Structure formats: C-alpha cells, structure tokens
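A structural walkthrough
For reference, the chains in residue letters:
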Amino acid sequence: MKERILSNQELFTDEWPVISKQSLVDQPIAKIVNRELLFCSPEERLSDAAHRMQESGCSSIIVQENNIPIGIWTERDALAVDCSNLIALDQPIRSYMRSPVKTINHNVSVGASAVRFKEEGVRHLLVVDDNSQTIGIITQTDVILKHGVEYYLGVKDVRSALTVSAPVVSASALLQEVVAAIRASKQSAVCVEYAEGDYGIVTDKDITHLIAEKKVAKTAREIGTRHLVTVSTNASLLEARNKLAHHGFRHLGVVDPSRKLVGLLSYSGILNSLQYEYLKQIDIVLGERDKALKQFQSNLRLAHKIIEYSLDGIILLNADGIIEYVNPTFTNVTGYSADEAIGKTPNLLKSGRHDQEYYTQMWQTLSETGYWQGEIWNRRKNGSIYPEWLTITAIRDDEGQIQQYAGIFADISDRKEKEKAIRKMAFFDDLTGLPNRRLFRDRLMVALARAKRHNEYLAIMFLDLDHFKKINDTLGHVVGDTLLVEASQRIKECLREEDTVARLGGDEFILLFPDIENIDEVIKIAERVNHSFNQPYTIDGHELYVTSSIGISISPDDGNDADTLIKNADAAMYRSKDEGRNKFNLFSPIFTAHGKRHLQVENALRQALKNDELTMVFQPKVKAWNGEITGVEALARWENKELGFISPVEFIPLAENIGLISKIGVWALRSACKIMKEWREAGHPLISVAVNISAIQAVESTFPQSVAAILSEFEIPAKYLEIEITESTFLKDFDIVRNNLEALKGLGASISMDDFGTGFSSLSYLNRIPLDYLKIDRSFVSKMFMEEESLELVATIISMAKNLGLKTIAEGVETQEQADLLNDKGCHLLQGYLYSKPISAKEIAKKYWK
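Residues numbered from 1 in each chain as written. Predicted model: local features only at pLDDT ≥ 70, side-chain atom pairs only at ≥ 80, totals over all residues. Heavy atoms only, no water.

1. Description of the sheet that holds strand 6 (residues 134-139)
- The strand order across the open sheet built from three strands is 4-5-6, with neighbouring strands paired in mixed fashion. Only two strands of the sheet have a single partner each, and these edge strands are strand 4 (103-105) and strand 6. Strand-to-strand twist of the sheet, defined as the mean angle between neighbouring strand axes without regard to direction, takes the value 35 degrees.
- The pairing of strand 4 with strand 5 (residues 124-128) spans three bridges and is parallel. Bridge pairing in strand 5 places Asn105 opposite Val128. (Pairing = 2+ DSSP bridges. Helix = DSSP H or I, 4+ residues; strand = E, 2+ residues; numbered from the N terminus. Axes fitted to C-alpha atoms, helices over the stretch in contact; angles between N-to-C directions.)

So, in structure tokens, the structure goes:
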C-alpha cells in the first residue's frame, strides 16, 4: 500500500478533486481509499517482504492465503523483530504478522474513520465492501491530509497536541535500546542526539529498512537520519501538517521559543488532538459549503459561522486593544452582549484579583512572542468573578506588524469547584473543620522532608479527651459534638501560626510542630493545652469538666518517619492515661508493647517468602447492573506458625520499610498469573485479575519488563492483568511512574487507581495518567446513607470519571441498598461482602464455574 503525499497545490486548492459538494468528513472513505495494495503469502521470508515494501514505497503488506487476508505486517511491527539476528529475518512473515486484520466498511465516513483509528490504536485499516471483499486500505496520513478541518488545525497550536516529552536516545545507543525506545513511544519514532542541540531521528521505517537490506547496525548513529526537521510549539497544527506533507515525513521535532527540543509530533498526534464532537459542529457549517469555497468572501462567512458555533469563548481585538468582535459563547460566559463589549477594552472584564504588573507582563509577552496562555480571573457583568483558561495570539500582516489579537477562552469554574469540593471532603473533618488524618499526614511528610534537609527538629503531639465517651453516652451526640468543636478551638488558640492540629476521629487529635529549637517549646504548649482544658465547658446548660491526656514524640530522636512518630506519640499518650490522665508524657521506648512484636514480625517476614507462608485469595468484582462476575482482586495473606495470622495492614507497611515490598510484589504478580494459567488449563474462562502494586515498585525502571516477563512465562495475555496503584504513588517521581504505567498500557494491561479520594490526587494529574478505572474507597461507600457529604463525593467521583472516559469500581459494598444506589449513580463495577468475601482460587472456580 502506497501512502501518496498530496502536493501543495492539492493541499490548498479551493475544490478537492473527486469530492462532491457534501462536507468532506461526511463523505465515505471509498472516496479516499488507496487501492494499490501489496500482498504476500504467509510463508514469504520477512526480509523479502520488507524489501518489497521498501521498493514499492509502502508502509504495510497484506498477508493472504487462498486470496483471503489473514494478517498484516507494518513498519510498526518491525519493532518486534530482533534485527541483530539475521536468522530471524529469514523467518516466514507468518511469525510476525498481526492477525486478524482490522477492517472498515467502505461506506463509513471519513470523520468516523478518524474515531476508529483512535479506538483501535492502529495506523492502517483494510477497507472492505458490503460483501467483505478487500478493495483497498486507508491510513492516518490519508485522514489528516483529506479530513477537511483546515480551520480547526489553524486555530490550534502544536503545543495542544503534545502529551509527552520528546523521546531521545544518544547517538551511541545500542540498536536494542533504540528499538525499545521507539516501541515505548506513541509516535513510533525516537530522536537521536548527536551533540547538544543537534538531533536526528530514527523511525520504524528505518528499522524496516534494516530488515529489508538484512543490514546489521549496532548504534543509533548508523541508522538515524542526521537532520531532524522541527516546528515551533507556537505554530499551528495546520502549519505542522503542511510541513509534514511538504517533506514527505511522518514526524517533526517540536521546539520551544528557545529552540529546545520539547516534543515529537506525528500524524497520529495530530489526529488524536481532534475533538470529534467539536468537529461535528464544524461539519454542520461545512456541509453548507457549495460554491462558497470558490469565493473569498464566502470563506470569511464560513469562518465566522465556525467561530459562532465554537464551544470556547472568542474575542478579537485590534492592534490598540479595542474589542472588535465577540462570539455568542463570550456572551454566555461573561453576560456582556456584543453591543456592550465591542468598542471597549478587555478592562471591562477586570476582576481585581491581578495587579497591574500581571497585565503588563502579559502584554509584554504578547508583543515579544505573539502568544500568551494561562489561567486568569475575570468578572462577569453580574459582578461575580470566575476563572478561565485563556490563549491569546497576535495576528501579524505580511510586514510582521500586529494587526489583531485573537483570544480563545474556556470557563473552568466547574472544574475548580469540583476540585475544591473533593479536596474539602477528602482532607477536612466535617464537624470541626480541622484537617483530617490524610491532610495531616501530607503536612507531616512535607515537614519531615524539610527537617531532614535543614537538620531541624519537629514534634508530634497525640491528644485524647479524658472520659469523653461517658459524656457522649449520657448527654447525647449533640452535646458531644459541640464539646469537640469547642475543644478544637481551645487547642488552636494554644498553637503557633505554623503548627497544625488535626482530628483523627472520635475524641482523638494530633498536632504537628515543625522547626522547633528545643523540647521546652513543645512542653510549654502541652502545659498551655492542659491548662485551657482545666476550664469548664458550658453546653446546653451543662457545666462540663473535660481534661486531656497528651503524648509527645520528637524527630529524629523518636523516629524519622511518620508512622513511627505517630505510633510513639500514641504510646506516650496512653502512658499519660495510665498515670491518672490530665497529663503529658514524652515518648520513651519502654512505653510501647509493640517493640517486641514489631521485631518478631520483621524477622518472620524476612523468611515468609522462603518458607512459602504467603497465600493469595481473591475477591470478585461484578457488573453493577446484573451481578455478573467480570474479574477479581488478588489479595495477599500471611500466616506464620509462631505468630499466627498477620494482617496485611501490619505486614505491608513493614515490608516497605525493610525493602521487601518489591519481592512480595513480584510474588503477587507471579501467583496471580499462575492461578490464571491453572484456571485456563482446567477449562475455566479467563477473567481480569487485579494486583496491588506499591509506590516503591512503581518507580523501578525494570518494573514494566518484569511484568512482561511474568506474563510471557505463564502465557497470559496482558489484557487480563489489572495493575492497582494508590494516589500516593505519584507523590514522588511522577514522570517515572507515568512512563512505567504507559509501558504497561502498551503491553495491554489496564490500570486502576485504588482508594480514590483518600489520598493526594490532583485533578490536573488525572488527564496525564493512563488510567482505566477509579476505585471508590469503602469508607465513602459505607457512609452513603449516613452522611450527605459521602454520597455527594461518590456521585462527584463517578461523574468526574465519566467525563474523563474512565470506569468506576466501588469497594466495600455490603448491602443491596448500596449496590442499587451505586448502579443508579452510574458506577460500573461493585466489590464487597454482598457478593463474596475474599476466597481461594478453588472456591472462585467452584462458585462461578461449576
């Protein structure tokens, strides 16, 4: 199949050849199908097939048997071939082809084919007629060059199509490293750095050339194209597309204004950037273009209609900054009609949230670079202020003089409010308004990191109200809740501005004191707290006396990590209770009875894998609407001869602290794959198995390769493996974790985020993580009928996941009422004791596959 590159004349002509008056994207692909196909038999040598592809200028070859296509081999598939092994190059193409061939009916529209490419994740689709007979092939290149969306490409810049940084290898990189880098890259190419700022490129086409010529190459230097053609991040996608067509390339390097290489753009990247629903609205207007394309004035009217239909607000200013045009979305967002806005300056929208320096720098950047983008707060006509994401582009004439400024913006109020709501519900205590356990732990981690860097001390204070339960039981929860609120206020009044007090739950509070110079500072605060609690509370006519018991731990003397410091402060607090309450104690190792137990569990854990003490149980996940099993979650269990059953809550954090978590993670993956193989050999169907992965394991550079090796060993397709991570996984080394997850997605595995809403997630991160599922934490599910906030959080998470194209899994479902509500809200999968407790692999088979 030849990928014909259109000439510049064809690219810019007012009337496309062979295309009728209808909108191009609504035309069937039969209009643009390439009917020149290259065929081979399944026994043809790989190198011969590659050689014929090279001679014919084709990027793919169809493998057929008895005149029936049974597979396809493309330049992308060359990445799976060991080019250093000449024997492999003489193997029959049957061994390397992809099967079955992805097909598309010739009546499908060009626009729909663009969506199909994205869904299938391929660059080629075999075109068949209504009788399923092959008539040709289309590629992503065909769709991009003939899609008819020049205006859309013209208003979107190259930066909008970038999702990852440019993949780069050195010129001395070995062939195997180059191929691995290309395989991991979404663009099927990798940049080669010969010297600082001097780049070339290696694509899957170059690898195909090696196969065709049976040429042995050792390094990137021997196979790379020396000069990498680049395009600026500020250039439009239309300019980038035309540059690709002009040079006959499929890739361009992307450089920022300082000429630094920041990305790699391909036809695939441009295609993925097209928002199909938005294009459909453009197509409604484009469907009216008959003879209008031949006339310049009609082109202007067409462009005007496109802007009118835009989902983004659009504003045009003249060179003096006077508003000349606004579209209907501008009016919908700001409240100002076109008559009210035209002739005014953007000062009309000033919110007062930004100082004059902010606007001065904005206009200076526009004047110097012709481009500005960022978040800005503006004011509506009704006086309310709102956040928007704004992009401003300077429009210059042929002499380079600025004639107009075009601004495109989107109201991001809903996104901000949802993020704020989720954070509030997830990180603050509803009753007292204090930080909760999760937010406290976040601040403690930050304080510990600072203390280690600057060699400072910090303290943890664990506080428990004495005899609070008695008051709660006798006077009722209303009095008890009021007492907790007033107690929290008294504690806050005793603290410094930089200190933190959080409510852990019940009558337990925990305090953080960063950057202390000596222990006396904390002791004085403890004395102030105890003194304030000696004053009576007057609530509902009751005069109550409630004292406090306090325990204190100091870092680094009493521990260098959060868990140890909290545990030791808790132990000191219980010592205060044992001594008669209304006291405080500094931690001493003799306070904790866990010391001996901790050592015993640690020693036993080091031998647990060797002694085969770990086992795996599975909890089913079912479809919300009918209870049908779709997969299971694999859960580790440990039973020691001397210590008995040890909870994962105890031994998993310990394994992380002593460096065993990666070995346990590998064991878990192997055990899960082994069970899947046993199910398959017993004639049971394969279902998805989810395996929990720790943050430590997720940042290991060899993690994706390890997973791939285990799947290969047990012959398990990657699509049946689900990797579960937690939000805290991304606190450190975000890019490394994201790249590892993208590599796993490349294998075919799915990714889920466990306990969503209980950690440190930022909504801005979710779009950058290759997720498939969000798991709603059991703590939210259990409180749906008790706390309105929990129900709102569950509904928000499900709605947000839907908007991001993700599915949701609810954990801890124990009642049918919970299941029905979650199904009504749109949750996809359910997991919990309502369906099954965690059970063995044999019990799963017996229960579901009798």
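2. Side note on the sheet that holds strand 8 (residues 189-195)
- Spatial strand order, 7-8-9: three strands in an open sheet with mixed pairing. The strands lining the two open edges of the sheet, one partner per strand, are strand 7 (168-170) and strand 9 (198-203). The average undirected angle you get between the axes of adjacent strands in this sheet is 35 degrees.
- As paired elements, strand 7 and strand 8 share three bridges and run parallel to each other. If you follow Val169 over to strand 8, its bridge partner there is Val192.
- Relative to the sheet, helix 7 (residues 175-184) contacts strand 7, strand 8 and strand 9, its axis offset from that of strand 8 by approximately 135 degrees. (Contact = heavy atoms within 4.5 Å.)

3. Here's the deal with the nonpolar core
- In terms of nonpolar packing, the biggest core is built from 84 residues, with Leu605, Trp679 and Leu830 touching the most fellow members.
- Counting residues per element, this core draws most heavily on helix 25 (residues 661-681), at 10 residues.
- Apart from the residues within four sequence positions on either side, Leu605 is in contact with Trp638, Phe651, Leu654, Ala655, Ile658, Leu660 and Ile664.
- Leu38, Trp73, Val192 and Ile223 belong to the second largest nonpolar core, which has 39 residues in total. (Core = buried A, V, L, I, M, F, W, Y, C linked by side-chain atoms within 4.5 Å. Buried < 20%, exposed > 50% of the residue type's maximum accessible area, 1.4 Å probe, protein only.)

4. Remarks on the packing of helix 19 (residues 468-475) against helix 20 (residues 477-493)
- Where helix 19 meets helix 20, the axes come as close as 6 Å, and the angle between the chain directions of the two elements is 140 degrees. Of the possible angle classes, the one that applies to helix 19 and helix 20 is oblique. Together, Phe468, Ile471, Asn472 and Leu475 of helix 19 and His477, Val479, Gly480, Leu483 and Leu484 of helix 20 make up the contact between the two elements.
- Looking at the contact of helix 19 with helix 20, its residues break down into six nonpolar, three polar and no charged. (Parallel < 35°, antiparallel > 145°, perpendicular 65-115°, else oblique. Nonpolar A, V, L, I, M, F, W, Y, C, P; charged D, E, K, R; others polar.)

Honestly, it's all geometry; don't read function into it.
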